[in-house]
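# Residue-level structural notes
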Amino acid sequence: MENQPDQNIIPKQYTGTSMDALEERISSSTEEAIALFKQTSAKLLSVNDWGKYAGMSNFQLMDPHGIKAERNAEEGDYIRIDIPGPGTSVGKGYDWVRIQEIKNIEESELQILAITVRPCAHPLEIEGKTAHFLKDTATSTFVVKRYGLRITAEEHGRNELPNTETGSLYDKGRNFVVGMAAKLGLSYPQWKSLVKGLLED
């Protein structure tokens, strides 16, 4: 029963690779657990601070018009990702995802906040070519969950395939290298660091 609501939050895996990073804490009281859930949820919505926890990359929230946003994340926003090394020309030096959905679930002992993002084009790119090292089949779902006294912070990558179809020849080569590195698990330490950081005081 504990994991049942997750079925409606995390997209089904049907192609490429998947990845799961999870960190948990057990609180000593319901009040403490609720407070930790609220604190962790606030940190999850504060996308511009993710780089403090993830370590390797920097994240900038952008509004639906591609303008920097200094606020909590909302559906339809973009996230500009600056990963180590050179970026692509199609992404103007960055990788881009768009917030597809933000879900809130509250059921007695269960509280969930989930953000699902998907690779997308640069907000100002008319041709709409995916500006990310993964194809737009991929999703990342970031979840903060309280079940009783147990609090978890999670990242679930699904349907991850290197994006070798858009951009210049250089872009395709770069995306293949970065995408294969992610496939081999080299992105796991970043997401593990992020979910751990979300739960720390």
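Just so we're clear, the structure is a prediction, and the values are computed from it rather than from any experiment. (Residues numbered from 1 in each chain as written. Predicted model: local features only at pLDDT ≥ 70, side-chain atom pairs only at ≥ 80, totals over all residues. Heavy atoms only, no water.)

### Focus: the pairing of strand E6 (residues 139-147)
Among the 9 residues of E6, 8 are classified as buried, and the element is accordingly described as predominantly covered. Pairing between strand E5 (residues 110-119) and E6: 8 bridges, direction antiparallel. Pairing of valine 117 across the sheet is with serine 140, part of E6. Sheet analysis places E6 next to strand E7 (residues 150-160), joined by 9 bridges and oriented antiparallel. Paired with valine 143 across the two strands is glutamate 154, which belongs to E7. Between E6 and the antiparallel strand that follows it, E7, lie 2 residues; glycine 148 among them carries a positive phi value of about 65 degrees. (Buried < 20%, exposed > 50% of the residue type's maximum accessible area, 1.4 Å probe, protein only. Helix = DSSP H or I, 4+ residues; strand = E, 2+ residues; numbered from the N terminus. Pairing = 2+ DSSP bridges.)

### Side note on the sheet that holds E6
Strand order in the open sheet formed by 7 strands is E1-E7-E6-E5-E4-E3-E2, and the pairing between neighbours is antiparallel. The open sheet has two edge strands, strand E1 (17-26) and strand E2 (58-62), and neither has a second partner. Between one strand and the next, the sheet's axes are offset by a mean angle of 20 degrees, whatever the strand orientation. Relative to E6, helix H1 (residues 30-45) is tilted by about 160 degrees, and along the sheet it contacts E1, E5, E6 and E7. Along the sheet face, helix H4 (residues 188-199) touches E1, E2, E6 and E7 and points at about 25 degrees away from the line of E1. (Axes fitted to C-alpha atoms, helices over the stretch in contact; angles between N-to-C directions. Contact = heavy atoms within 4.5 Å.)

### Some details on the packing of aromatic side chains
Evaluated as defined, the whole model comprises 5 aromatic pairs. For the ring pair tryptophan 50 and phenylalanine 59, a centre distance of 5.6 Å and an interplane angle of 70 degrees mean the geometry is edge-to-face. Comparing tryptophan 50 with phenylalanine 59, the two get one shared label, buried. Consider the rings of phenylalanine 142 and tryptophan 191, whose centres lie 5.3 Å apart with planes at 65 degrees: the pair is edge-to-face. A residue pair is termed long-range when its members are at least 10 positions apart, and phenylalanine 142 in strand E6 and tryptophan 191 in helix H4 qualify at 49 residues. As far as the burial class goes, phenylalanine 142 and tryptophan 191 line up, both buried. An aromatic cluster is built from Trp50, Phe59, Phe142 and Trp191, whose rings are joined through pairwise contacts. The side chain of arginine 80 reaches across the aromatic face of tyrosine 94, ending 4.2 Å from its centre. (Phe/Tyr/Trp six-rings, centres within 6.5 Å; stacked < 30°, edge-to-face > 60°. Lys NZ or Arg CZ within 6 Å of the ring centre and 35° of its normal.)

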